[in-house]
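For reference, the chains in residue letters:
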Amino acid sequence: MMNCKEATQLLSEKLDRPLDTKEKVMLGVHTAMCSSCKQFGRQMEDIRSLAKQYSKGKQTEEKK
Amino acid sequence: MIEANPSLSASEAPNAALFYDQEFMESLRSQMVKFATLQVQDAQLAEDAVQEAMLSAYQNIDKFGRQAALKTWVFSILKNKLIDLLRKEKRTTVASQLENGPNLQGDALMDHLFKENGHWQKSERPQKWDDPDHGVENEHFWRVFDACLTALPEKYGRFFMMREFLEMATPEICHNEDISVSSLNVTLYRARLRLRECLEDNWYQAKESGS
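Thresholds, definitions, all that
- Residues numbered from 1 in each chain as written.
- Chains lettered and ligands numbered in written order.
- Predicted model: local features only at pLDDT ≥ 70, side-chain atom pairs only at ≥ 80, totals over all residues.
- Heavy atoms only, no water.
- Helix = DSSP H or I, 4+ residues; strand = E, 2+ residues; numbered from the N terminus.
- Contact = heavy atoms within 4.5 Å.
- Areas by Shrake-Rupley, 256 points an atom, 1.4 Å probe, with all protein chains shown as cover.
- Buried < 20%, exposed > 50% of the residue type's maximum accessible area, 1.4 Å probe, protein only.
- Salt bridge = Lys/Arg side-chain N within 4 Å of Asp/Glu carboxyl O.

Caption draft 1: Quick peek at the overall build of chain B. Across its full length, chain B carries nine helices and zero strands. Start at the N end of chain B and walk to the C end: the helices and strands fall as α-α-α-α-α-α-α-α-α. Residue pairs at least 24 apart in sequence account for 72% of intrachain contacts in chain B once pairs closer than 6 positions are excluded. Accessible area for chain B stands at about 10,400 Å²; split by element, carbon and sulfur atoms hold 49% of it.

So this is what it looks like as structure tokens:
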């Protein structure tokens, strides 16, 4: 069984490399049961998009 | 640099006026130098890249419309220069040299976040974040984000910025920096762990308890 430490590492690596099938399955099983890691996965995506906005122009600040 | 091109007056290009604002320029310059030095690990190279980026921004100021985002625009020029520099010279810095800093990192970080069995420490479990779109419109949020980035251990910050800001691909970073893919992945993972925790503690949670 995958633990949270391993799951969170894969959730980060997902942003840097394609996961293989086994990793995807194990991660899917883990996050189905673990809401903390599921949350963490969403936040990894959030951080990526925040970093993008931060470096690309923070235009969202001006859109309102 | 500014005096070098007096023919372009502030009235011709309204944004150029900013270039005469000493306070603004000095603060911008020092932020850029900090950012560039972190990336290229060489004060002189960094200084040169910043000078070139600023000159290039000044010369092309008429192509640029919105004053509010001048800083962002100058930074984007600098980013391209840094990428060129990083590509041109295969860096000789040994990444492990940088594994210093007052902040929690490496195993200490992992022990802080996870129990021995690899599951989350109760107090460290990720909490629900509000849709970041609410936060990103807020000037204060970006100050927190900025502070959290600055607080990253140097090596974490450097690789995170290469990956996320300069948007370099993993193989390219590994090639330039002479580190293995797995070691880069672990460093990025730990940088994101730290950044995530910092944002949660200082923005998402702080906001909730404050309101």
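That covers the picture; the talk isn't over yet.
Caption draft 2: Here's a closer look at the environment of Glu177 of chain B. Residue and element names in this part refer to chain B. As for its placement among the helices and strands, Glu177 is situated in helix α8 (residues 170-177). You can call Glu177 buried: its relative accessible area is 2%. Sequence separation of Glu177 and Leu86 is 91 residues, and the distance between their C-alpha atoms is 8.9 Å.

Caption draft 3: Spatial organisation of the pattern of salt bridges. For the structure on display, the rule yields 13 salt bridges over all chains. Put simply, Glu13 of chain A and Arg17 of chain A hold a salt bridge, and the shortest N to O gap is 2.8 Å. Given the relative accessible area of 25%, Arg17 of chain A is considered partly exposed. Of the charged contacts in the structure, one is a salt bridge between Arg29 of chain B and Glu47 of chain B, with a shortest N-O distance of 2.5 Å. Of this pair, Arg29 of chain B sits in helix α1 (residues 22-40) while Glu47 of chain B sits in helix α2 (residues 43-59), and the two are 18 residues apart along the sequence. For Arg29 of chain B, a relative accessible area of 25% corresponds to the partly exposed category.

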